[in-house]
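Residue-level structural notes
If you want the building blocks of each chain, they are given just below.
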Amino acid sequence: MAMLTIAEALRQAIREEMQRDERVFCIGEDIGIPGGFGCAFTVTLGLSDEFGHERILDTPISENGFAGVAIGAAMAGLRPIADVQYGDFLFLMMDQLANQAAKMIYMSGGTIKVPLVMRAPVGATARGAQHAQSLEAFFTHIPGLKVLVPSTAYDAKGLLKSAVRDDNPVLIFEHKLLYGSKGSRTEKGALSPVGEVPDEDYLVPIGKGVIRREGSDVTIVGKLLTVYRALLAAETLAQEGIQAEVIDPRTLVPLDKELILESVKKTGRLVIVEEDNLTGGWAGEIAAIVAEQAFFWLDAPIKRVSAPDTPAPFAPVMEQFYVPSADRVIAAVKSLF
Amino acid sequence: MAIEVLAPPLGQTTDRVILANWYKQEGDIVNEGEPLFAVETDKATLDVEAHASGILRGVKAKIGDEVKVLSVIAMIAAPDEELALPGTITSPEATRAVPISSQDAQVAVSQKQDRIFISPRARRLAEENKISLDEIHATGPEGAIIERDIRLYMERPVKPPISPVARRMAEEAGMDWRHLTGSGPRGRVMSKDISAVGITSAEKTARLSAAPPEGEPVEIIPVSGVRGLISDRMSLSHSQTAPVTLTTEVDATALVELRGELANDGIESTYNDLLLCILARALREHPRLNASLDGDNIKLWRDVHIAIAVDTDRGLLAPVIRNVEHKGLEQISLETKSLIDRARQGKCTPEELRGGTFTVTNLGMFGIDAFTPLIQLPECAILGVGRIKTQPVMLDNAVVGRQMVWLSLTFDHRLVDGGPAARFLQRVAQLIERPHLLIT
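I will try to describe carefully the structure that is included in this document. Source: prediction; values computed, not measured.

Observations regarding empty space enclosed by the protein
Counted under the stated rule, the structure contains four cavities of 30 Å³ or more. Of the volumes computed, that of the largest cavity is approximately 80 Å³. The wall of the largest cavity is formed by Ala252, Leu255, Tyr271, Asn272, Leu275, Asn362, Val385, Ile388, Val405, Leu407 and Ile432 of chain B. For the lining of the largest cavity, the element with the highest residue contribution is helix H10 (residues 271-285) of chain B, accounting for three residues. The volume enclosed by the second largest cavity comes to roughly 40 Å³. Lining of the second largest cavity is provided by Val122, Ser134, Glu136, His175, Lys223, Leu224, Leu225, Thr226 and Glu275 of chain A. Grouping the constituent residues of the lining of the second largest cavity by class yields three nonpolar, three polar and three charged.

Observations regarding the pattern of salt bridges
Residue and element names in this part refer to chain A. Inspection of every chain in the model, using the stated rule, returns 42 salt bridges over all chains. Across the pair Arg79 and Asp167 runs a salt bridge, and its minimum N-O distance is 2.7 Å. Here Asp167 lies in the loop between helix H7 (153-165) and strand E7 (170-175) and Arg79 lies in strand E4 (residues 79-83), a separation of 88 residues in the sequence. Put simply, Arg212 and Asp248 hold a salt bridge, and the shortest N to O gap is 2.8 Å. Of the two residues, Arg212 sits in strand E9 (residues 210-213) while Asp248 sits in strand E11 (residues 244-248), which places them 36 residues apart along the sequence.

Some thoughts on the packing of helix H9 (residues 253-264) of chain B against H10 of chain B
Residue and element names in this part refer to chain B. Across the interface, H9 lies against H10 with an axial gap of 11 Å and an inter-helix angle of 110 degrees. In terms of orientation, H9 lies roughly perpendicular with respect to H10. Between H9 and H10 lies a crossing of right-handed hand. Contacts between H9 and H10 pair Leu255, Val256, Leu258, Arg259 and Leu262 from the former with Tyr271, Leu274 and Ile278 from the latter. Here the residues of the contact of H9 with H10 are counted per class, giving seven nonpolar, no polar and one charged.

Points about the interface of chain B and chain A
Listed by partner, the interface residues are 11 residues for chain B and 16 residues for chain A. Taken over both partners, the interface formed by chain B and chain A buries close to 940 Å², and the fraction arising from carbon and sulfur atoms is 49%. On the chain B side of the interface with chain A, the three residues burying the most area are Pro120, Arg121 and Pro141 of chain B, jointly 58% of the side's total. At the junction of chain B and chain A, the tally comes to nine residue pairs in polar contact (both at pLDDT 80 or more). Considering every element that reaches the side of chain B that touches chain A, the biggest residue donor is helix H3 (residues 120-128) of chain B, with four residues. Across the side of chain B that touches chain A, the residue classes tally to four nonpolar, two polar and five charged.

Things to note about the nonpolar core
All names here are of chain A. Of all hydrophobic cores here, the largest spans 89 residues; its most connected members are Leu90, Leu116, Met118, Phe139 and Phe173. Tallying contributions element by element places helix H1 (residues 6-20) first for this core, with seven residues. Lining this core are residues from two domains, each supplying at least three of them: domain 1 (2-197) and domain 2 (210-334).

Focus: the sheet that holds strand E10 (residues 218-222) of chain A
All names here are of chain A. Ordered by their spatial adjacency, five strands build an open sheet running E9-E11-E10-E13-E14, and the pairing between neighbours is mixed. Only two strands of the sheet have a single neighbouring strand rather than two, namely E9 and strand E14 (303-307). Pairwise comparison of adjacent strand axes, ignoring direction, gives a mean angle of 25 degrees for this sheet. Judged from the four bridges that link them, strand E13 (residues 270-277) and E14 form a sheet pairing that is parallel.

Conventions used here
Residues numbered from 1 in each chain as written. Chains lettered and ligands numbered in written order. Predicted model: local features only at pLDDT ≥ 70, side-chain atom pairs only at ≥ 80, totals over all residues. Heavy atoms only, no water. 1 Å grid on protein atoms, 1.4 Å probe; cavity = no way out; pocket = protein on both sides within 12 Å on 5 of 7 lines; lining within 4 Å. Points joined across faces, edges and corners; volume = space filled by probe spheres on them. Helix = DSSP H or I, 4+ residues; strand = E, 2+ residues; numbered from the N terminus. Nonpolar A, V, L, I, M, F, W, Y, C, P; charged D, E, K, R; others polar. Salt bridge = Lys/Arg side-chain N within 4 Å of Asp/Glu carboxyl O. Axes fitted to C-alpha atoms, helices over the stretch in contact; angles between N-to-C directions. Parallel < 35°, antiparallel > 145°, perpendicular 65-115°, else oblique. Left-handed = near helix turned anticlockwise from the far one by under 90°. Contact = heavy atoms within 4.5 Å. Buried area = accessible area lost by both parts, 1.4 Å probe. Polar contact = N/O pair within 3.5 Å; in protein donor to acceptor, adjacent residues only side chain to side chain. Core = buried A, V, L, I, M, F, W, Y, C linked by side-chain atoms within 4.5 Å. Buried < 20%, exposed > 50% of the residue type's maximum accessible area, 1.4 Å probe, protein only. Domains from an automatic or database assignment. Pairing = 2+ DSSP bridges.

Now the structure itself:
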């Protein structure tokens, strides 16, 4: 058992999967070039030395291009782990993902599988509006894609390994402030959680959430960075006598609805925290599920804490204002009592 | 801003009044000072003046309704004023919260009153436990009732607080007081709550009474309103006092003659008037009978205020002649006549019907000789006077016809013992037999 950052845990997962199955390979921009960072956030750092450039495949800056290569390779029987430097660039490969990868197994009557893994860093980190978005909700809206959001090192490794072994296209969203990237890729203001990660092979099942903190008075659902914002808020709230239960769904599609519903049935209150823009966001979907299926257990309105409906600002001070803070979570919770 | 029209507090024991009449209807123009409505208590009908000018709006009580004193029964509004909710009455808080200039605020207030805001969770809990939402105090977000409000209500002490005296009374009466809402602070059950419930509760009556006769009654008179109040009061007297009645036959010949002499001198008086003079004198001399019970104290009074029981169409009334001890016969006659007349017409003011220290009741006109009157709480005693009739009496070894009268004095043995009461009655008898002693 080692204490690892999320970047290290992901790297370990990739290494183990590549060792286990020679069909597994990585593809992306600057993931293995000599002197590079090992993709933007050091996840694949050193893997090209270990597996060679044929399995750590650097591509030109053409997201649509390498997405097509990866999807085609998956359809042909390989198990690619593609890396998009910034999640924002997923839009460049949208047709490949939404119209081809997601629908292929349905359109082929189950004969053509697309065992693709697409890793995408998200989150506002003082890089401006085009390198800051949290795009998870877009992909939860496309049937045929699985969407994972690991927030700990243990889950990062276990979920990535499950994703590699899954026959469906899986998007893994990783938050830039949670990687624990080191050296010149150290992120300012990063949380960089370090956690125990077993050395042996293990999987985290896709579709199972976890309760990060038990509480009786309010359910706070977060994902990625906002799980930590929620936990921070819960500590403060506990001092004021409000016991918050913090839920990390870990996977958005499929979603562990039961976990959320059971928690809300216990607490009677729900606050959803995410870094995405408010309108049409994932928080609204969770609110709708609870309103439909646990309405009579609600003791207060459902609250969403999210980024406003604007692009992420470039100025760091403005960005702090933009991203949901623990204080905003606390205020939202208190408004329910 | 609309002015609230309140049911007036009348009498010291009355907490309900009957709305006897509206002199104005909904929408009428009302001028300050003109009679607006009439209320009736067990003792009197009283006109109530408008204390503001405007339009009568939101009339809540109908003629004949029993209303709680100080409750809002209507509003007097400015001609163009929109009541927050026409036809119903806003709470004082709500009324204050409505800025007349702000349409939005008015809408918000009326919405609040239209419906109860409650979380789905709280509603579910309330329904499961069959709890009425009217009694729930909302503390949740946006003023809604939430789960904790229901839980708090469910966990409220089942037993209300109760005073030691009330507890003892309840235990002695074998009464279950836990469901009562007391009239004391924070719903504390007081002794009067126990006696009120203990006596008037239909449940108890049913429990204690034999089965009623079968068949259709000729008439059903509800024991409510004036009848209900008399019923309560009499039950209270009968259950709470320790009444003892002393009777004595008195030779009233001299009093009859005195009355004739006075009439010859142009001073018309009734036996009641003469009796009041006598009682005033005797009560000054025997203050233990001119007393009332106030909590744990017996209060002896210097002033003699005598209530006279009057049989009226509306029931028993007892207007009070004040400071009888300071008044001459002529003034007593005048006041008594006026009071009795007004009592019969239902026009006595509440002030005229309260504050007695002693009561006299005369059934002589019905041919009654002796009886056992009921004490009017909180007084100590009541004197019943029978008819004056000529009886054969042994006097100086001869049987002669004398004008005889029976006196029946009921006193509360809690306040005074038999000896002092008998001595008082003896003194009254002496003054009747020898009325010239009044001038000594």
